[in-house]
Number of protein chains: 2
Amino acid sequence: MGFPGYVGRSNPAFCLYDMELLERNITQYGQVIGTQVLKVDGFLNHKLDIRLLTQMGKDVYEHFANCDVNKIVTIEASGIGYAVLTAQFFDCPVVYAKKRGASNQSDGVYTAKVHSFTHGDDNVVAIDRRYVGKGDRVLILDDFLAHGEAVRGLLSICEQAGATVVGVACAIEKGFQGGGDSLRRDGVNLYSQAIVDRMDEHEIVFRPQN
Amino acid sequence: MGFPGYVGRSNPAFCLYDMELLERNITQYGQVIGTQVLKVDGFLNHKLDIRLLTQMGKDVYEHFANCDVNKIVTIEASGIGYAVLTAQFFDCPVVYAKKRGASNQSDGVYTAKVHSFTHGDDNVVAIDRRYVGKGDRVLILDDFLAHGEAVRGLLSICEQAGATVVGVACAIEKGFQGGGDSLRRDGVNLYSQAIVDRMDEHEIVFRPQN
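Right, let's walk through the structure included here. For clarity, every value in this text was computed on a predicted model and none was experimentally measured. (Residues numbered from 1 in each chain as written. Chains lettered and ligands numbered in written order. Predicted model: local features only at pLDDT ≥ 70, side-chain atom pairs only at ≥ 80, totals over all residues. Heavy atoms only, no water.)

1. Considering the overall build of chain A
Rules: Only runs of H or I of at least four residues qualify as helices and only runs of E of at least two qualify as strands under DSSP, and these elements are numbered from the N terminus. Only protein chains enter the accessibility calculation, which uses a 1.4 Å probe; a residue is then buried when its area is under 20% of its type maximum, exposed when over 50%, and partly exposed in between. Computed with the Shrake-Rupley method and a 1.4 Å probe, the accessible areas treat only the protein chains shown as cover for residues.
Summing up its helical and strand segments, chain A has five helices and 11 strands in all. The buried share of chain A, taken over its 210 residues, is 57%. Carbon and sulfur atoms make up 45% of the accessible area of chain A, which totals about 8800 Å².

Below, the structure written as structure tokens:
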């Protein structure tokens, strides 16, 4: 296991990662809009800070290193960069679910309906049946975890496929929207790299994690 | 320049890349539909082969290593994985243009209209003005190059932003659709890792490259 070309453990530049680095980026570059929206376009989902995402990927790897992950599943588009850089450490492929509007036709795909609280509508997400199945040990990854709808859609797809989900990781959990705690109550092995407990235009308050 | 944690040059597993590896994957896993559509869902744009994409990224890096690239620009969603793994070698950020249907409103973004021959409609793609600008030396990346519409949209955005485009790279050029040769005639420094000159359900024929 592990990315063959990866020497992070012996490279000081790659031993500095802690949750605080991500939290500092959120504090410095995040834009809070109203009370529910946190924009991190500057490093996570429009412009991508590759060094930061690589370090985050290493941290996810260390969290799930003993889980025999053989596939990472995410959703287009904003989860892809984070998932791909994380997958290097697991030395496994990434499969990303595709959004297909409201269309629920199931021509060779597993589908799940995902409600978007941001846009107030439903999307169907789909994964080709050839790319996830029995024997897979899946780590689900997404950039944001809010109400948990996207993750629950991916959990449903993996269940339909007969795959084992060993855990879920997200970069930023909006703790005040409840999706993460709801998943934890359901026994999901969830790792959030930063959890925002409350925020407004003056302040972003993170949940302490050890 | 170069990815700090990257030791590919001294690791035999990462010295095997040649164009043939990509061509072999296309031949083995590609599905030709009709005469115009080539599906490579199995390794490039639904399930992602991270090792292959990393080797392709290294090859792109070697092609443009002397161009002082400081930013990679691509389009969501299928370009992101390829762009991110390539960006590691350049040690630079990725900015991906977002698709926004037919909406051309320009609230703080550069936009370009991109015609899709596959879907027969127009899409507007947009990049926040904060994330590309004067002083940037941009490498444009995309998974497919067909009629060249997406690349021309990104060229237009970079021109609006005053950025310098040092080159364009794509994984697979569908040579018979003319977009690549048209860009070359216009003086664009284009590098296609594999060029399909013709294809049908029996055969995929690649253009020889040296």
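2. So, the relation of the copies chain B and chain A
The criterion, for reference: We place the copies in one frame by least squares, fitting the C-alpha atoms of every residue whose pLDDT is at least 70 in both. A contact between two residues is defined here by any heavy atoms of the two lying within 4.5 Å.
Taken as rigid bodies, chain B and chain A are interconverted by a rotation of 180° and an axial shift of 0.0 Å, the fit giving an RMSD of 0.0 Å. Here the two chains are linked by the operation of a two-fold rotation axis. By C-alpha distance to the rotation axis, the residue of chain B lying nearest is Ala77(B), at 2.5 Å. Most of the interface of chain B is mirrored in chain A, where 100% of its interface residues again form contacts.

3. Quick notes on the pattern of salt bridges
Residue and element names in this part refer to chain B. Stated precisely, the cut-off is as follows: One speaks of a salt bridge when a side-chain nitrogen belonging to Lys or Arg is within 4 Å of a carboxyl oxygen belonging to Asp or Glu.
Inspection of the entire model under this criterion finds 26 salt bridges over all chains. Asp181 serves as the salt-bridge partner of Arg207, at 3.2 Å between the closest nitrogen and oxygen. You can see Arg207 sitting in the segment after strand S11 (204–206) and its partner Asp181 sitting in helix H5 (residues 179–185), a full 26 residues away along the chain. Arg207 gets classed as partly exposed once you look at its relative accessible area, which sits at 21%. The salt bridge partner of Asp197 is Arg207, with a shortest N-O separation of 3.1 Å. Highlighted residues: Asp197 in strand S10 (residues 190–199) and Arg207 in the segment after S11, separated in sequence by 10 residues.

4. Quick word on the interface of chain B and chain A
Many analyses report the size of an interface as the accessible area lost when the parts associate. Spelled out, the test is: Under the convention adopted here, Pro, Cys and the residues Ala, Val, Leu, Ile, Met, Phe, Trp and Tyr are nonpolar, Asp, Glu, Lys and Arg are charged, and Gly plus all remaining residues are polar. Only strands that DSSP links by at least two bridges are regarded as paired with each other.
The interface of chain B with chain A comprises 38 residues on the first partner and 38 residues on the second. Between chain B and chain A we count four salt bridges in total. Among the ionic pairs, Asp41(A) bridges to Lys98(B), the shortest N-O distance being 3.9 Å. Elements with a minimum of two residues in the side of chain B that touches chain A: strand S3 (47–48), helix H2 (50–64), helix H3 (80–90), strand S5 (94–99) and strand S7 (121–128) of chain B. At six residues, H3(B) tops the list of elements feeding residues into the side of chain B that touches chain A. Of the residues contributing to the side of chain B that touches chain A, the split by class is 20 nonpolar, 10 polar and eight charged. As paired elements, strand S5 (residues 94–99) of chain A and S3(B) share two bridges and run antiparallel to each other. Across the sheet, the residue bridging to Val95(A) is Lys47(B), located in S3(B).

5. Points about the state of the cysteines
Filter applied, for reference: The rule for a disulfide is simple: a pair of cysteine sulfur atoms within 2.5 Å.
All told, the structure shown has zero disulfides over all chains when counted by the stated rule. Among the cysteines around Cys170(A), which has no disulfide bond, Cys67(A) carries the closest sulfur, lying 16 Å off. By relative accessible area, which is 1% here, Cys170(A) ends up buried. Left unpaired, Cys67(B) is separated from the closest cysteine sulfur, that of Cys92(B), by 12 Å.

6. Regarding the environment of Gly57(B)
All names here are of chain B. Of note, Gly57 is situated in helix H2. The exposure class of Gly57 is buried, given its relative accessible area of 0%. Along the sequence, Gly57 and Phe89 sit 32 residues apart, while their C-alpha atoms lie 7.2 Å from each other.

7. Section: helix H2 (residues 50–64) of chain A
Residue and element names in this part refer to chain A. Convention followed: One less than the residue count of a helix, multiplied by 1.5 Å, gives the span that helix is expected to have. Whenever two N or O atoms come within 3.5 Å, that pair is a polar contact, provided that in protein one can donate a hydrogen and the other can accept it, and provided that, for residues adjacent in sequence, both atoms are side-chain atoms.
Between its first and last C-alpha atoms H2 spans 21 Å; for 15 residues at 1.5 Å apiece the expected length is 21 Å, and the two agree. Of all 15 residues in H2, 12 are buried, a share of seventy percent or more. Among the residues making up H2, those that are buried are Ile50, Leu52, Leu53, Thr54, Gln55, Met56, Gly57, Lys58, Asp59, Val60, Tyr61 and Phe64. Capping of H2 at its N-terminal end is provided by Asp49; its side-chain oxygen lies 3.2 Å from the backbone amide nitrogen of Arg51.

8. Some details on the packing of H2(B) against H3(B)
Residues and elements named next belong to chain B. Here is the rule: Note on geometry: axes are lines fitted to C-alpha atoms, helical ones only across the stretch in contact, with angles between N-to-C directions running from 0 to 180 degrees. An angle below 35 degrees is read as roughly parallel, one above 145 as roughly antiparallel, one from 65 to 115 as roughly perpendicular, and any other as oblique. Note on convention: the crossing is left-handed when the near helix lies turned anticlockwise from the far helix by less than a right angle, right-handed when the turn is clockwise.
The geometry of H2 relative to H3 is characterised by a closest axis approach of 8 Å and an angle of 50° between their N-to-C directions. Here H2 lies oblique to H3, going by the angle between them. Between H2 and H3 the crossing geometry is right-handed. Contacts between H2 and H3 involve Ile50, Leu53, Thr54, Met56, Gly57, Lys58, Val60, Tyr61 and Phe64 on the former and, on the latter, Tyr82, Leu85, Thr86, Phe89 and Phe90.

9. Notes on the pairing of strand S6 (residues 109–116) of chain B
Residue and element names in this part refer to chain B. Most of S6 sits out of view: six of its eight residues are buried. In this sheet, S7 lies alongside S6 in antiparallel orientation, the contact comprising eight bridges. Across the sheet, Val109 pairs through a bridge with Asp128, a residue of S7. Here S6 folds back onto S7, and the loop between the two strands holds four residues, one of which, Gly120, carries a positive phi near 70°.

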